[in-house]
Amino acid sequence: MWDWNYAFEILPEIASALWITIAATLVGFLLALVVGLVWTLLIRSNNKLISYGADGIVKFIRNTPLLVQLYFIFYVFPTFGLSLEPFTAGVIGLGLHYSTYLSEVYRSGIESVGPGQWEVATALNFTRKKTWTRIILPQAIPPVLPVIGNYFITMFKETPLLSAITLVEILQTAQNIGAGTFRYTEPLTIVGVLFLVLSYPASIALRQLENRMAARYD
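Cut-off values and rules
- Residues numbered from 1 in each chain as written.
- Predicted model: local features only at pLDDT ≥ 70, side-chain atom pairs only at ≥ 80, totals over all residues.
- Heavy atoms only, no water.
- Helix = DSSP H or I, 4+ residues; strand = E, 2+ residues; numbered from the N terminus.
- Buried < 20%, exposed > 50% of the residue type's maximum accessible area, 1.4 Å probe, protein only.
- Polar contact = N/O pair within 3.5 Å; in protein donor to acceptor, adjacent residues only side chain to side chain.
- Core = buried A, V, L, I, M, F, W, Y, C linked by side-chain atoms within 4.5 Å.
- Contact = heavy atoms within 4.5 Å.
- Salt bridge = Lys/Arg side-chain N within 4 Å of Asp/Glu carboxyl O.
- Patch = residues over 30% accessible without salt bridge, like charges linked within 9 Å, V, L, I, M, F, W, Y side chains within 5 Å.
- Areas by Shrake-Rupley, 256 points an atom, 1.4 Å probe, with all protein chains shown as cover.
- pLDDT = per-residue confidence, 0-100.
- Expected span 1.5 Å × (residues − 1).
- Bend = angle between axes of the 7 residues up to and from the residue.

A few points about the overall build of the protein
Reasoning step 1: Across its full length, the protein carries 9 helices and 0 strands.
Reasoning step 2: Starting at the N terminus and ending at the C terminus, the protein contains elements arranged as α-α-α-α-α-α-α-α-α.
Reasoning step 3: Considering only C-alpha atoms, the protein reaches an extent of 70 × 50 × 25 Å along its principal axes.
Reasoning step 4: Within the span of the protein, comprising 218 residues, buried residues form 38% of the whole.

What follows is the structure, given as structure tokens:
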């Protein structure tokens, strides 16, 4: 049976752990945004060794489970002398994993920029850096923002995996409460509701952004 008094009693403790989940999502996604762009630029390199090497790494990370990668970073890295705190290991795992998906998003955005834009940059004698920052990226990223946003929401919903490496985020907190009281229905339901409350409005906002982008580029 559902106990409302028990649910309201444990709600503050679970809600306080939500900040760990949010922080891991924000920092991990920021890492994914930066590293994803780096992957894209390396794959587009004229140096075949760099291009093939980066492409191979991206495919390897993308095609292996995130949970395995988290375990490897947290439990295997210490054998090589690199011990990381659970939060740091979790952020790195999330960031690297999703950077490989964002690299594909960046690639599609860059390829949508017409060849004429590259020719304009050449005609204006722009440096390679200036070409990317002033012409290509400002045109490539806006159309793919909704897709980037979708990956942000997906990462947020996958943060419970971090409990597997002992990070006391929202799910781990609910499990700890349940283990202490032998009542799991309320804490786990509250976790699900909190994820819904945060994810659903973000999904609606992304849908509106997608419609605006579609109207802008039609």
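Brief notes about the side chain of Ser99
Reasoning step 1: Here Ser99 is to be found in helix α4 (residues 86-111).
Reasoning step 2: Looking at Ser99, its side chain comes within polar contact range of the side chain of Trp39, at 3.0 Å.

Quick word on the nonpolar core
Reasoning step 1: In this structure, Ile148 and Leu162 are the most contacted members of the largest nonpolar core, which totals 29 residues.
Reasoning step 2: Among the elements that line this core, the one with the most residues is α4, at 8 residues.
Reasoning step 3: Once you skip the residues sitting within four places of it in the chain, Ile148 turns out to touch Phe29, Leu33, Leu102, Val105 and Tyr106.
Reasoning step 4: One finds Ile10, Phe156, Ile190 and Leu194 within the second-largest nonpolar core, a separate group that totals 13 residues.

Things to note about unusual backbone geometry
Reasoning step 1: Even without being glycine, Thr166 reaches a positive phi, approximately 70°.
Reasoning step 2: Considering the arrangement of structural elements, one finds Thr166 in the loop between α7 (145-158) and α8 (170-181).
Reasoning step 3: A positive phi angle, near 60°, is found at Phe182, a position not held by glycine.
Reasoning step 4: Here Phe182 lies in the loop between α8 and α9 (185-217).

What to know about the pattern of salt bridges
Reasoning step 1: In total, this model carries 4 salt bridges according to the counting rule given.
Reasoning step 2: For Arg107, the salt bridge identified is with Glu104, shortest N-O distance 2.5 Å. Of this pair, Arg107 and Glu104 both sit in helix α4, 3 residues apart, which is roughly one turn of that helix.
Reasoning step 3: A salt bridge links Glu186 to Arg183; its shortest N-O distance comes to 2.4 Å.
Reasoning step 4: Owing to a relative accessible area of 29%, Arg183 belongs among the partly exposed residues under this scheme.
Reasoning step 5: Connected through shared salt-bridge partners, Glu104, Arg107 and Glu111 make up one network.

Topic: a nonpolar patch on the surface
Reasoning step 1: On the surface, Leu30, Val34, Val38, Leu42 and Ile50 cluster together into a nonpolar patch covering about 400 Å² of accessible area.
Reasoning step 2: The greatest single-element share of the nonpolar patch, amounting to 4 residues, is contributed by helix α1 (residues 4-43).
Reasoning step 3: Inspection of the secondary structure assignment puts Val38 in helix α1.
Reasoning step 4: Judged by its relative accessible area of 42%, Val38 falls in the partly exposed class.

Concerning the confidence of the model for the protein
Reasoning step 1: Per-chain confidence: the protein averages 91 in pLDDT, with 98% of residues scoring 70 or above.
Reasoning step 2: Of all secondary-structure elements in the protein, the lowest mean pLDDT belongs to helix α5 (residues 115-123), at 83, while helix α3 (residues 66-76) reaches the highest, 96.

Here we look at helix α6 (residues 128-140)
Reasoning step 1: Across its 13 residues, α6 extends only 16 Å between first and last C-alpha, which sits more than 12% below the 18 Å expected from 1.5 Å per residue.
Reasoning step 2: Where α6 bends most, the angle comes to about 25°, and this point is Arg134, followed within four residues by the proline Pro138.
Reasoning step 3: Of all the residues in α6, the buried ones are Thr131, Trp132, Ile135, Ile136, Leu137 and Ala140.
Reasoning step 4: Buried residues along α6 sit against α1, α4 and α5.

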